[in-house]
Amino acid sequence: MLTVIIIVLLALIFFTYVAIPLIFPGQSDRLPDSRDPIKQDLEEERDALFRAIKELDARNDLAQTRRDQLRARYEAKAAKVLRALDERQLELKENVPSRPTQRKRFPYVTLSFLSLMVIMAALMPSYVLPRMNGGTVTTFFEGDIEQAKALKSLERAANKNPNEDNLMALADAYWQLNDVAQAEATYLRMTSELNPVPALAYSRLGYLKLQNDNDIPGALTYFEQAQEADPSDLDTLYTLSEIYFSQARPDDAVKTLETYLSLPAGADDEEVKTRLELFKQVAPVLNAATQDPTQETLAALADTYWQVGERERAADIYIQLLSNFDAHNGLAYSRIGQVLFFSGRNVQAIDMLERAMAIDDANLDTLLFLGNAYFSSDRLEEAISTWEHYVEVAGGEEAAGRVPGLIENAKARLAGAPTDSTVVEVSGESLFAANCAACHGLAGQGGIGPTLIANSRAANEANVRNLIQYGRGLMPGFIASLSEEQIDILVDFVVNNLAQGQTSERP
Ligand code: HEC
């Protein structure tokens, strides 16, 4: 439709300026005398200046700054000449007597054409907007154009002057636009062309490897290079320690965090101190299990991971235990099921938790989470009976925490009433685990992204909503992948749980 409008407009322009003067030659003004000597001089000067400006680009013998200076001077001159030309043309026009037989006509055609343009311009937005559901997509639309423009100018700057700042800005912009291949190529270009190589180029490459290929050994190499290039960069040290920890190298992880805390800027970081304590606690068990992976050492490792809150790592080890040693371990099934539930995989969670139930039907965690998973899958009757069993095992309603409330809620929903947000809190946590935890940590403690726990910027609802929708910096936007309702739940979870300094309060 837009194309049709544009074609019609072009046809109109053609008609106004070409066809009408041909059909009605008397209407147009007589052309000024083109052989006016002053005008001719000016035109020659103009052409010479334009040529000079053009040729400047090829003057590789001149320094860039000098070329810029010259260009600015020529352009200023050319502007002056153009102005003089305009003035001369006007003068000539006024001196030409209008045709005695024909009064100069009011330019109806041009005027009606102009008013048509104005009307079109006024109508255009209202024509385009309604097709973009609501206001949100328009911002997207405008944002895209802005982004494309910004990217073009960054590309130009980087080609003209491929220094650290320009290349970094360009590479980051590619990344923000999700053009991972171009981003990686540009960071790699920095590592091959710049000397010394900036540490940030290596660490960005490391994050790219982690985020897009899940290539942990590849990322590790880059982060080690980043640390070599800048041994006091705290972010690099922190990430490096996490990678060592994930690669079953707790001693290296401990050493790296000790380096972190030995730096003046990192000395008071409570979060890192806590993390270091955790690494130290896990280190001996992890080393024992790595050196001699028996049922005992692995079970001890899984339990330690679980106790310190490393639930996904614990689940990995429980899976090893089940497949290599003891296919009848109820606790392992239960904890794997809980982790699956948190990551939003209800079907698999129910499978695991039902197996756990079959082995031990008196484990409160199993009963609670099996009920949660049934509820999230809309299997309300099963949720209610599982939670009722929980209340029984717990020893009555008093001792059952929030579970009686969950049962009420499920019963109300079964009766067709809209449910309140009792369980929504849990799905906030699972949405977070599935979409955000890779960067912000499963508990919001931070990682590639900043910590959200007790973070005042994460307590600002409008800010958080905008951020989740559109992203910022290295954080992607989620407006395309999450529903409005899911975003609402996440905003609520971040603002009212994480930012207040607590993870979701479980019943
Ligand atoms: C690819 C990694 C990544 C993912 C996935 C991610 N974030 Fe982020 N997040 C970041 C980074 C990096 C920042 C810092 C952005 C900046 O200011 O440049 C950030 C910033 C934030 C902030 C602002 C914190 C502050 O101190 O300014 C909030 C809130 C937030 N993210 C929430 C979320 C939520 C909720 C999700 C899931 C829907 C999510 N993030 C997914 C990387 C990520």
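Residues numbered from 1 in each chain as written. Predicted model: local features only at pLDDT ≥ 70, side-chain atom pairs only at ≥ 80, totals over all residues. Heavy atoms only, no water.

Draft legend 1. Quick look at the pattern of salt bridges. By the definition in use, this model includes 20 salt bridges. A salt bridge links E429 to R311; its shortest N-O distance comes to 3.7 Å. With E429 in helix α20 (residues 424-435) and R311 in helix α14 (residues 311-324), this pair connects stretches of sequence that are 118 residues apart. Both residues of the pair, E429 and R311, belong to the buried class. As a salt-bridge pair, R355 and D351 come within 3.4 Å of each other at their nearest N and O atoms. Here D351 and R355 lie together in helix α16 (residues 346-359), a separation of four residues that amounts to about one turn. Accessibility expressed as a relative area gives 38% for R355, which makes it partly exposed. Taken together, the shared-partner salt bridges connect E242, R275, E310 and R313 into one network. (Salt bridge = Lys/Arg side-chain N within 4 Å of Asp/Glu carboxyl O. Helix = DSSP H or I, 4+ residues; strand = E, 2+ residues; numbered from the N terminus. Buried < 20%, exposed > 50% of the residue type's maximum accessible area, 1.4 Å probe, protein only.)

Draft legend 2. View of the site of the ligand. For the ligand, the set of nearby residues contains 23 residues, the closest of which are C436, C439, H440, N455 and M475. Within the contact set of the ligand, an oxygen atom lies 2.8 Å away from a side-chain nitrogen or oxygen of N455. Within the contact set of the ligand, an oxygen atom lies 2.9 Å away from a side-chain nitrogen or oxygen of R457. Put simply, the parts of the chain that give the shell around the ligand at least two residues each are α21 (437-440), α22 (461-470) and α23 (484-498). Looking at the shell around the ligand, the element that brings in the most residues is α22, giving three residues. A class-by-class count of the residues in the shell around the ligand yields 15 nonpolar, six polar and two charged. (Near = heavy atom within 4 Å. Polar contact = N/O pair within 3.5 Å; in protein donor to acceptor, adjacent residues only side chain to side chain. Nonpolar A, V, L, I, M, F, W, Y, C, P; charged D, E, K, R; others polar.)

Draft legend 3. Examining the packing of aromatic side chains more closely. Per the stated rule, a full pass over the model turns up nine aromatic pairs. Each ring, one from Y207 and one from F223, has its centre 5.0 Å from the other, and the planes form 75°; the classification is edge-to-face. Of this pair, Y207 sits in helix α8 (residues 199-213) while F223 sits in helix α9 (residues 216-229), and the two are 16 residues apart along the sequence. Aromatic side chains F245 and Y305 sit 6.1 Å apart centroid to centroid with 85° between the ring planes, which places their arrangement in the edge-to-face category. Residue F245 is located in helix α10 (residues 234-246), and its partner Y305 is located in helix α13 (residues 295-307); the two are separated by 60 residues in the primary sequence. The same class applies to F245 as to Y305, namely buried. (Phe/Tyr/Trp six-rings, centres within 6.5 Å; stacked < 30°, edge-to-face > 60°.)

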